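Examining the three-dimensional arrangement
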Amino acid sequence: MNSRKSQLKMAETLGVIFVFLVLVVFGFMFYARFQRATFKTVLQEEQEKRSVEVAQRAFTLPELQCAANNIVIDNCIDILKLEALSRMVQADSALHLSYYDFFESSKIAVKQLYPGMHEWNLYERTTNNSGSLFTPLPVSLYDPIARRYNMGVVEVTYYP
């Protein structure tokens, strides 16, 4: 009779341990899914942050900024400087490569919207990744020959 009680207690103990292990496994699975979802969210936020940083770098390049009396004008790009830099970057692969540290894998285009339509491709280096993040930034385009400001947009497509 004693052996029967001990066998019953042993079966009870094994049952409790089995239920405990099942609960631990389900808890771990739930935790792993929660962590995966959190990681994806954090990764996406980081990619969006980097996209905006690249857009800000493109927007504030000293090579393109307008200046009056050696004072930089905010949110302004000089069209003559833009045309010169665009031609130089496209013609010289070493110069194009030197901008990789600033722009990483992205495409940067400046579009004049008014008056008339014109587009300059400043930088382009894409990857095979299917996803991309698009950041448009409004900008004034200064035409020093006509001495007038035009309306435009800097379009940055970032490839994480």
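Further up the page is the structure itself.
Residues numbered from 1 in each chain as written. Predicted model: local features only at pLDDT ≥ 70, side-chain atom pairs only at ≥ 80, totals over all residues. Heavy atoms only, no water.

1. Observations concerning the packing of aromatic side chains
On inspection of all chains with the given rule, the structure shows five aromatic pairs. With 5.2 Å between their ring centres and 55 degrees between their planes, Phe103 and Tyr123 make a pair best called tilted. In this pair, Phe103 sits in helix 4 (residues 100-103) while Tyr123 sits in strand 4 (residues 118-124), placing the two residues 20 residues apart along the sequence. On the basis of relative accessible area, Phe103 is assigned to the buried category, the value being 1%. Consider the rings of Tyr142 and Tyr149, whose centres lie 4.8 Å apart with planes at 45 degrees: the pair is tilted. Accessibility expressed as a relative area gives 46% for Tyr149, which makes it partly exposed. By way of ring pairs, the aromatic residues Tyr99, Phe102, Phe103 and Tyr123 are connected into one cluster. (Phe/Tyr/Trp six-rings, centres within 6.5 Å; stacked < 30°, edge-to-face > 60°. Helix = DSSP H or I, 4+ residues; strand = E, 2+ residues; numbered from the N terminus. Buried < 20%, exposed > 50% of the residue type's maximum accessible area, 1.4 Å probe, protein only.)

2. Digging into the sheet that holds strand 2 (residues 71-78)
Within the open sheet, the six strands sit side by side as 1-2-5-6-3-4. Their pairing is mixed. The sheet terminates laterally at strand 1 (65-68) and strand 4, the two strands that pair on one side only. Pairwise comparison of adjacent strand axes, ignoring direction, gives a mean angle of 35 degrees for this sheet. Sheet topology places strand 3 (residues 106-114) next to strand 4; six bridges connect them, and they run antiparallel. Looking across to strand 4, one finds that Gln112 is bridged to His118. The sheet contacts of helix 1 (residues 2-59) involve strand 2, strand 3, strand 5 (133-143) and strand 6 (148-158), and relative to strand 5 the element is tilted by about 10 degrees. Running at roughly 45 degrees to strand 4, helix 2 (residues 79-91) makes contact with strand 1, strand 2, strand 3, strand 4, strand 5 and strand 6 of the sheet. (Pairing = 2+ DSSP bridges. Axes fitted to C-alpha atoms, helices over the stretch in contact; angles between N-to-C directions. Contact = heavy atoms within 4.5 Å.)

3. Side note on the state of the cysteines
Applying the stated criterion across every chain yields a total of one disulfide. Disulfide partner of Cys66: Cys76, at an S-S distance of 2.1 Å. Because the sign of the S-S torsion sets the handedness, a value of about -65 degrees for the bond joining Cys66 and Cys76 places this disulfide among the left-handed ones. Placement of Cys66 in strand 1 and of Cys76 in strand 2 is noted, with a sequence separation of 10 residues between them. (Disulfide = S-S within 2.5 Å.)

4. With respect to a nonpolar patch on the surface
On the surface, a nonpolar cluster with roughly 680 Å² of combined accessible area is contributed by Phe18, Val19, Val22, Leu23, Val25, Phe26 and Met29. As for its placement among the helices and strands, Phe18 is situated in helix 1. Its relative accessible area of 55% is what places Phe18 among the exposed residues. (Patch = residues over 30% accessible without salt bridge, like charges linked within 9 Å, V, L, I, M, F, W, Y side chains within 5 Å. Areas by Shrake-Rupley, 256 points an atom, 1.4 Å probe, with all protein chains shown as cover. Salt bridge = Lys/Arg side-chain N within 4 Å of Asp/Glu carboxyl O.)

5. Thoughts on the pattern of salt bridges
Under the criterion given, the structure shown has three salt bridges. We note a salt bridge from Glu104 to Arg50, for which the minimum N-O separation is 2.8 Å. Of the two residues, Glu104 is situated in the loop between helix 4 and strand 3 and Arg50 in helix 1; the sequence distance between them amounts to 54 residues. Judged by its relative accessible area of 34%, Arg50 is partly exposed. A salt bridge links Glu155 to Lys111; the shortest N-O distance between them is 3.2 Å. Separated by 44 residues along the polypeptide, Glu155 in strand 6 and Lys111 in strand 3 bring together distant segments of the chain. Using a relative accessible area of 18% as the deciding quantity, one classes Glu155 as buried.

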